Amino acid sequence: LLNQGLEDLKSTSEQDELNELRVHLLGKKGPITKVLRGMKDLSPEERPVVGSFANEVRDRLQEAIDARKEEIDQKLLTVKLEKEKIDVTLPGKPAARGNAHVIQQIIDQIEDLFLGMGYQVLSGPEVEEDRYNFEMMNLPKDHPARDMQDTFYITKDILMRTQTSPMQARTMEKHDFSKGPLKMISPGVVYRRDTDDPTHSHQFHQVEGLVIDKHVTMADLKGTLELVAHELFGDRFDVRLRPSYFPFTEPSVEADITCFNCGGKGCAVCKHTGWIEVLGAGMVHPNVLKMAGVDSDIYGGFAFGLGPDRFAMLKYGVDDIRNFYLDDERFLNQFSMKG
Ligand code: PHE
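So, how was this worked out
- Residues numbered from 1 in each chain as written.
- Predicted model: local features only at pLDDT ≥ 70, side-chain atom pairs only at ≥ 80, totals over all residues.
- Heavy atoms only, no water.
- 1 Å grid on protein atoms, 1.4 Å probe; cavity = no way out; pocket = protein on both sides within 12 Å on 5 of 7 lines; lining within 4 Å.
- Points joined across faces, edges and corners; volume = space filled by probe spheres on them.
- Helix = DSSP H or I, 4+ residues; strand = E, 2+ residues; numbered from the N terminus.
- Nonpolar A, V, L, I, M, F, W, Y, C, P; charged D, E, K, R; others polar.
- UniProt positions renumbered as here; feature names shortened; annotations may be inferred.
- Contact = heavy atoms within 4.5 Å.
- pLDDT = per-residue confidence, 0-100.
- Buried < 20%, exposed > 50% of the residue type's maximum accessible area, 1.4 Å probe, protein only.
- Pairing = 2+ DSSP bridges.
- Axes fitted to C-alpha atoms, helices over the stretch in contact; angles between N-to-C directions.
- Parallel < 35°, antiparallel > 145°, perpendicular 65-115°, else oblique.
- Near = heavy atom within 4 Å.
- Polar contact = N/O pair within 3.5 Å; in protein donor to acceptor, adjacent residues only side chain to side chain.
- Areas by Shrake-Rupley, 256 points an atom, 1.4 Å probe, with all protein chains shown as cover.

Quick word on the layout of surface pockets
For the largest pocket, the calculated volume is near 1,300 Å³. In terms of lining residues, the largest pocket is bounded by 48 residues, among which Phe-204, Glu-277, Val-278, Leu-279 and Arg-310 are the most central. No other element matches strand S8 (residues 275-284), which puts seven residues into the lining of the largest pocket. Among the residues making up the lining of the largest pocket, the classes are represented as 19 nonpolar, 15 polar and 14 charged. The space that makes up the second largest pocket amounts to roughly 190 Å³.

Quick word on the UniProt feature "domain: Aminoacyl-transfer RNA synthetases class-II family profile" (unreviewed entry) in the protein
Within the UniProt annotation, "domain: Aminoacyl-transfer RNA synthetases class-II family profile" (unreviewed entry) is assigned to residues 102-314. In this annotation, residues 102-314 is assigned 26% helix and 30% strand; the end-to-end C-alpha distance for the span is 12 Å.

Considerations on the side chain of Gln-105
Relative to the helices and strands, Gln-105 resides in helix H5 (residues 102-115). Dropping the residues within four chain positions of it, Gln-105 is found in contact with Asn-99, Ala-100, Phe-335 and Met-337.

Looking at the confidence of the model for the protein
The predicted model of the protein averages 92 in pLDDT, with 99% of residues at 70 or higher. Taken over the whole predicted complex, pTM reads 0.73, whereas the ipTM for its chain interfaces reads 0.98.

Re the pairing of strand S5 (residues 203-213)
Counting buried positions along S5 gives nine out of eleven residues, so the element sits mostly inside the fold. Sheet topology places strand S4 (residues 182-191) next to S5; ten bridges connect them, and they run antiparallel. Its bridge partner lying in S5, Val-189 is registered against His-205. Bridge analysis of S5 against strand S9 (residues 300-306) gives seven bridges, and the strand direction is antiparallel. When the bridges of S9 are listed, Ile-212 appears paired with Gly-301.

Focus on the packing of helix H1 (residues 2-11) against helix H4 (residues 46-83)
Any two packed helices are characterised by the angle at which their axes cross and by the distance between the axes. Taken N-terminus to C-terminus, the directions of H1 and H4 make an angle of 5 degrees; their axes are 10 Å apart at the nearest point. Put simply, H1 runs roughly parallel to H4. Facing Leu-2, Gly-5, Leu-6, Leu-9 and Lys-10 of H1, the residues of H4 in contact are Val-57, Arg-60, Leu-61, Ala-64, Ile-65 and Arg-68. Taken together, the residues that form the contact of H1 with H4 break down as seven nonpolar, one polar and three charged.

Observations regarding the site of the ligand
Around the ligand lies a shell of 15 residues, among which Gln-163, Ser-165, Arg-192, Gln-206 and Gly-305 are the nearest. Between the ligand and the protein, one listed contact pairs a nitrogen atom with a side-chain N or O atom of Gln-163 at 2.8 Å. One of the side-chain N or O atoms of Ser-165 is found 2.9 Å from a nitrogen atom in the ligand. About the coverage of the ligand: the protein hides 92% of its 330 Å² of free accessible area. Contributions of two or more residues to the shell around the ligand are made by S5, S8 and S9. The element contributing the most residues to the shell around the ligand is S9, with three residues. Residues belonging to the shell around the ligand are distributed by class as follows: five nonpolar, eight polar and two charged.

Here is the structure:
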């Protein structure tokens, strides 16, 4: 029985099989139990001999079963480990990463350029007071030029800003000119009550620029705008200034850059002028200086307001401004900086 049992054990390879064999050998209906049960029929001399022999057989079988169980467990574990092994040399799956919006990329570029020239970069409130958005920009309540920028009113005196120009008044008001000139740009979102179409969006971006010091001239303005054009588009882009009108600058200009499409030769995109309009600018109006508490006899300067949306459209040939606000990844990923 012992030898047969030990032999059978060798051929077991699974837990279930082993368990069956254990029940068969050592269970209630097994041969050993039967022998031990039959003890009562034996003579007193035979009992200790048969008893200890049966016990020995049972113990040896139990030992062998335990050992076999250990072996099987070990084997199962090895197989499992082998199956679950991780190949650390396999290349990883790249995680999807976000990317700066194309408009933000343009703004970042502009910020870098102006930070390098010692300007501050400031942001202002999108929900603005009528006072800053219009009145302090030399647009009193009934001024006809308010029609140029129809806006969303929150209350009679509070509105969604139509331009970043209120930041001119806000910064001049605070600036301590005894400590040096004021040089700042202020990027942000502005709102107009426009019906959305390929060239209009009720929400878009502007970057305001302002320099106030003694002896600032129009030449400084033009030189600064040329730097912006070269930085964003390339050295072959020139800037020209055309007379224009804004209530808060005098003189006022609109700045054009060389047409990106024909390089200045004249084409349909630039209506055969060779130039594309990109921003408004001018020398800060004395009324604006005065209302912000700046002595206009001593100080003066230039301001400009450029549109990153328009810049992005020109630079990348985007023909519908609404693309920038639809959050369609197929559009936005084209401007991914990942490579
Ligand atoms: N705020 C003007 C606009 O939104 C642009 C501008 C800014 C013009 C600064 C002149 C000076 O159209």
